[in-house]
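Examining the three-dimensional arrangement
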Amino acid sequence: MIMRTAIWIVLASLVGNAPAGGSAAMRNGPLLSTIGQQRGGARAATTHRAASLDTTHRVVEPADAFRTGLMALHSAGVDNFAVAHPTFDGRGILIAILDSGIDPGIPGLQLSSDSASKILDLRDFSGEGRIALRPIVRRGDTLVVGTQRLLGASRVAAVATGATMWGGMLDEARLGQAPAADVNGNHHVGDSLAIVVVNTQAGWAMFADTQGDGTLANDHPIHDFAVAHEYFGWAPAGLAAPVDFVANFTADAGAPELDLVFDTFGHGTHVAGIAAGHDLYGVAGFDGVAPGARLIGLKIADDAYGAVTVTGSMLRALEYAIASARRRQMPLVINLSFGVGNEVDGTARIDAMIDSVLLANPDVVMTVAAGNDGPGLSTIGFPGSASRVISVGATLPLSFAGTNLASSAVEPVAPFSSRGAEIAGPDIVVPGAAYSTIPNFAIGNEEETGTSMAAPYAAGLAARLLSGLRSSGRTAPGRMIRQALRSAGHVLPSGSIVDEGMGLPDLTAAWEWLSHPHEVADLAVDVGSVHGRGAVFLTAEPGVARALGARVVVRRLDGNGPLTLHLHASAPWIQVPEAFAISAGRGEFTVGMAAGAADAPGVVVGSVEIDGPDASAGPIAVVPVTVRTPIAAGGTRTPLAVTMPAGGVGRVFVPVDTGRGFQVEIGMSDPSIHGTASLHEPGGMPFRDGPSVAAGFGTAAGMFDVGGSDVVNGVYEVDAVAPPATAASATVAVRLAPLRLSAAMQRDTLLVTARNLVAAPLSVRLRAGLIGAERQIVVQRNVGGEVRVVVPIPPWATHLVLDTDMSRDQWSRFTDFGLSVFDRRGREIDVSPINYATSRAVVDLPDSVSHDSLAILLSPAFAEANPSTPWSINLTFKYYVDTPYSLDGGGSSFKTVAAGELREERFTPDAAPVPIPDGFLPLITVVALEGPEHIWTRELPIARWTGHQR
């Protein structure tokens with residue numbers, strides 16, 4: 001992070017001679033990737049949101065966005081298909097958007113292409129909009145709601161059928177931060193907006209002082225959206241509301257229960273426009289993928305906490321969507337643009353639950369975002385890893401890829417799009433960037449990128465295919481829609497099967513596939529512990545010849561009849577039998593690797609196609625085969641050359657031990673080419689301290705400097721990424737720390753040690769500096785529910801780094817995990833949802849919280865509605881000073897350390913120069929200068945530092 005990089009620079013100046021490579025290390029920082037930051041569950045698998053928005057000007061005028069193709073319908077041939085089949089535009093199909101909500105007041109989400117109402121229903125499954133209602137008092141024409149008084153009681157009484165009136169408050173402070181939480185648009189977050197509820201002849205209805213004039217006399221009753229399709233918003237007369245709301249009513253023992261449904265995150269509204277928008281912003285012909293489809297918006301996310309889901313919300317919304325489609329007798333497509341990182345692939349509880357629902361409802365099609373953690377391997381999140389969904393990766397449309405592109409340029413796989421390897425996926429890739437509908441508070445953010453945008457694009461493709469079938473009087477199960485899109489995919493030159501699955505589908509080709517009868521067995525492929533979406537992922541050793549292989553188990557889900565399946569390998573180095581048999585619902589075969597296929601560091605990727613008796617159907621299943629070869633263990637800095645097609649990725653794998661830092665420099669070979677580089681931790685997680693940097697030529701090369709405190713045992717992945725329209729080559733130089741650093745107090749002395757890990761002697765100088773304070777807290781609970789942790793803020797702190805850690809096996813039980821930071825008054829400071837079992841949040845502390853305390857709200861969301869298994873999470877709080885304090889007075893000098901030996905340096909530090917809060921330990925950085933060129937660091941909390949309190 002920027003703050004920690006500044007500490008590194010100051011410590012380098014303290015030691016008196018910054019290394020020659022120091023400038024490269026300083027470039028390591030939190031440069032955002034194409035998608036920016038993760039958002040709820042898309043997290044939302046998620047999308048880019050600008051740091052600040054101009055809410056008065058659109059990023060591009062809608063007419064210009066239409067003219068320049070910012071919906072990218074041409075990429076999958078939607079425009080050509082629409083000309084050939086104008087009524088196969090989603091008519092008669094229901095698309096359920098499980099997301100952060102949908103704003104019903106945005107032009108483009110009003111009517112379908114056949115002039116029918118676009119949104120049929122909006123429901124809340126998050127609880128965020130629940131309004132606590134109580135009987136209220138009427139005094140003449142005045143209603144008393146809490147501490148507020150509203151005129152217009154006679155207006156309310158005129159439609160009421162009962163004597164009791166109910167009232168409650170919507171508190172803006174509950175809704176997060178501006179501008180979204182400023183729902184009445186008065187530039188102040190903190191208002192309490194009164195709501196009155198009465199029973200009417202048409203059912204329960206609510207009143208609100210929407211114009212802020214103190215009376216309900218000029219307001220209209222708002223009924224349940226499913227009954228009346230009514231919506232409202234708070235704004236002065238003549239102005240557009242920042243956010244539109246709808247009402248959901250239920251009753252309990254005769255008393256009303258009210259949930260307001262809204263989208264104060266903007267994500268679900270944007271997704272809805274991509275899937276099925278029509279005449280966006282009033283521009284004729286500016287459509288989403290399936291403008292004839294109807295929508296239901298099912299809010300599963302708490303927008304204020306970063307659009308994280310809540311316990312059980314995904315499954316409850318899924319079941320509601322299926323029941324709604326059954327009731328309306330409409331084919332159903334479900335879109336879920338949410339996801340978090342897989343830890344143990346194939347074990348996520350939500351994957352199994354979704355697969356079970358889809359197996360019981362085979363006519364339902366479900367599209368799920370693959371995730372935005374690319375370009376590293378094994379980064380597909382759950383539930384995009386469920387075996388019966390269409391897992392959707394993203395391409396970068398050329399209209400978003402920059403100007404001055406050659407007309408022959410091919411749309412590349414987006415760098416941010418999550419990749420497979422340990423699991424098979426994604427199924428397909430489609431455009432992951434679009435200009436679409438957003439609530440009024442987010443004007444200026446019409447363009448979004450992420451697999452969150454790709455998933456609804458694929459949902460629109462599925463709706464068009466289903467619409468064509470319905471018009472022809474035919475039906476097809478959801479897996480056949482998936483098979484049609486996969487069979488119609490064309491391979492992009494920027495990636496392999498682990499990058500793009502079966503490629504970018506052509507809608508006309510998919511329709512032609514569906515137009516002919518095919519026999520396709522329903523298969524599940526298991527490899528190792530991965531069930532249903534199996535892939536072969538092997539690790540070789542450079543220069544070491546040994547047999548590598550994997551056993552693949554294939555289960556038939558549509559019966560137990562015997563079946564002979566044929567195998568075809570995509571490359572000669574993949575060894576498989578020609579055929580194998582399934583009997584009693586099960587069969588298996590072995591995938592082997594030819595000797596010499598993976599001798600050099602890097603990765604080779606191929607696949608095994610499984611064909612059934614119907615050759616015209618295409619492969620029934622495809623098993624990706626990936627073999628990675630890490631560099632040899634050691635401290636070599638010998639550069640490795642990688643080549644990338646336009647928009648493609650070159651990969652280098654680095655084995656590292658816990659506590660041993662390393663540096664990686666990625667430089668483009670051509671001065672005119674500017675690419676990017678990314679770093680992924682073992683298992684695929686993007687590097688916690690900033691996963692992406694710019695990578696240029698020479699001194700503009702990108703660099704990652706990973707301190708020993710953050711390194712975990714395993715194989716890291718370093719990726720060089722070419723620009724979208726230009727092939728490139730790069731060099732990747734890796735240097736592992738030749739030292740393992742440590743420090744501890746021995747009575748009044750700070751003992752700093754450095755062990756030489758290499759075979760040659762080293763010239764080493766050791767230093768130490770106080771950089772802040774650290775505290776670890778373990779949270780343990782026997783049931784689900786929110787947990788609040790309060791910690792003090794030292795007066796000198798300007799930043800907080802909060803690390804979270806839980807067991808990888810435990811992580812698979814969640815669908816989401818929210819982390820929100822509040823000040824003592826309950827005002828939200830930051831939202832940083834947790835995306836992996838290990839995660840890092842960096843919080844800028846405003847001046848208003850100095851000498852105060854922070855409240856950390858943990859919001860776990862479980863797959864099951866009623867979780868009963870205990871859970872725990874470790875929290876590590878680190879406050880940092882602006883300027884480090886030297887603890888050694890500069891007395892250390894260079895000394896030679898023989899191979900395998902230990903260098904010790906003893907310092908006698910004074911009392912801590914800044915007050916350390918109770919419960920915290922001083923946090924120091926140990927710095928080792930290796931000769932005149934390299935600096936290695938490790939952060940450590942120091943216990944038993946006598947005299948540190950003052």
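The next subject is the side chain of Asp182. In this structure, Asp182 sits in the loop between strand 8 (166–171) and strand 9 (192–200). Overall, the relative accessible area of 8% leaves Asp182 in the buried class. If sequence neighbours within four positions are ignored, Asp182 has contacts with Glu172, His187, His188, Val189 and Pro242.

Another point: the sheet that holds strand 39 (residues 702–706). The strand order 34-41-36-39 describes an open sheet built from 4 strands, whose pairing is antiparallel. The open sheet has two edge strands with one neighbour each: strand 34 (640–644) and strand 39. With direction set aside, neighbouring strand axes in the sheet form an average angle of 20°. Note: strand 36 (residues 662–668) against strand 39, 5 bridges, orientation antiparallel. Note on strand 39: the bridge partner recorded for Gln663 is Asp705.

In this section: the nonpolar core. Judged by nonpolar contacts, the single largest core of 136 residues is most densely connected at Met206, Trp234, Leu258, Leu260, Ile481 and Ile610. Of all the elements, helix 10 (residues 451–471) adds the most residues to this core, at 12 residues. In terms of nonpolar packing, the next biggest core, distinct from the first, is built from 97 residues, Ala96, Phe265, Leu358 and Ala737 among them.

On to the sheet that holds strand 31 (residues 586–593), then. In space, the 4 strands of this open sheet follow the order 25-27-31-29, with antiparallel pairing throughout. The outermost strands of the open sheet, each flanked by one partner alone, are strand 25 (523–527) and strand 29 (574–575). The pairing of strand 27 (residues 549–556) with strand 31 spans 7 bridges and is classified as antiparallel. Bridge pairing in strand 31 places Val553 opposite Glu588.

Here helix 8 (residues 313–328) crosses helix 9 (residues 349–360) at 10°, and the two axes come no closer than 11 Å. Classified by the angle between their axes, helix 8 and helix 9 sit roughly parallel to one another. Handedness of the helix 8/helix 9 crossing: right-handed. The segment helix 8 lies against helix 9, with Met314, Leu315, Leu318 and Ile322 engaging Ile350, Met353, Ile354 and Val357. For the contact of helix 8 with helix 9, the residue count by class is 8 nonpolar, no polar and no charged.

This part takes up the environment of Ile673. Along the chain, the position of Ile673 falls in the loop between strand 36 and strand 37 (675–680). Sequence-distant contacts of Ile673, that is, excluding residues within four places in its chain, are made with Met668, Ala695, Gly696, Pro723, Thr726, Ala727 and Ala728.

Rules used in this analysis
- Residues numbered from 1 in each chain as written.
- Predicted model: local features only at pLDDT ≥ 70, side-chain atom pairs only at ≥ 80, totals over all residues.
- Heavy atoms only, no water.
- Helix = DSSP H or I, 4+ residues; strand = E, 2+ residues; numbered from the N terminus.
- Buried < 20%, exposed > 50% of the residue type's maximum accessible area, 1.4 Å probe, protein only.
- Contact = heavy atoms within 4.5 Å.
- Pairing = 2+ DSSP bridges.
- Axes fitted to C-alpha atoms, helices over the stretch in contact; angles between N-to-C directions.
- Core = buried A, V, L, I, M, F, W, Y, C linked by side-chain atoms within 4.5 Å.
- Parallel < 35°, antiparallel > 145°, perpendicular 65-115°, else oblique.
- Left-handed = near helix turned anticlockwise from the far one by under 90°.
- Nonpolar A, V, L, I, M, F, W, Y, C, P; charged D, E, K, R; others polar.

Nothing here speaks to function; it is geometry throughout.
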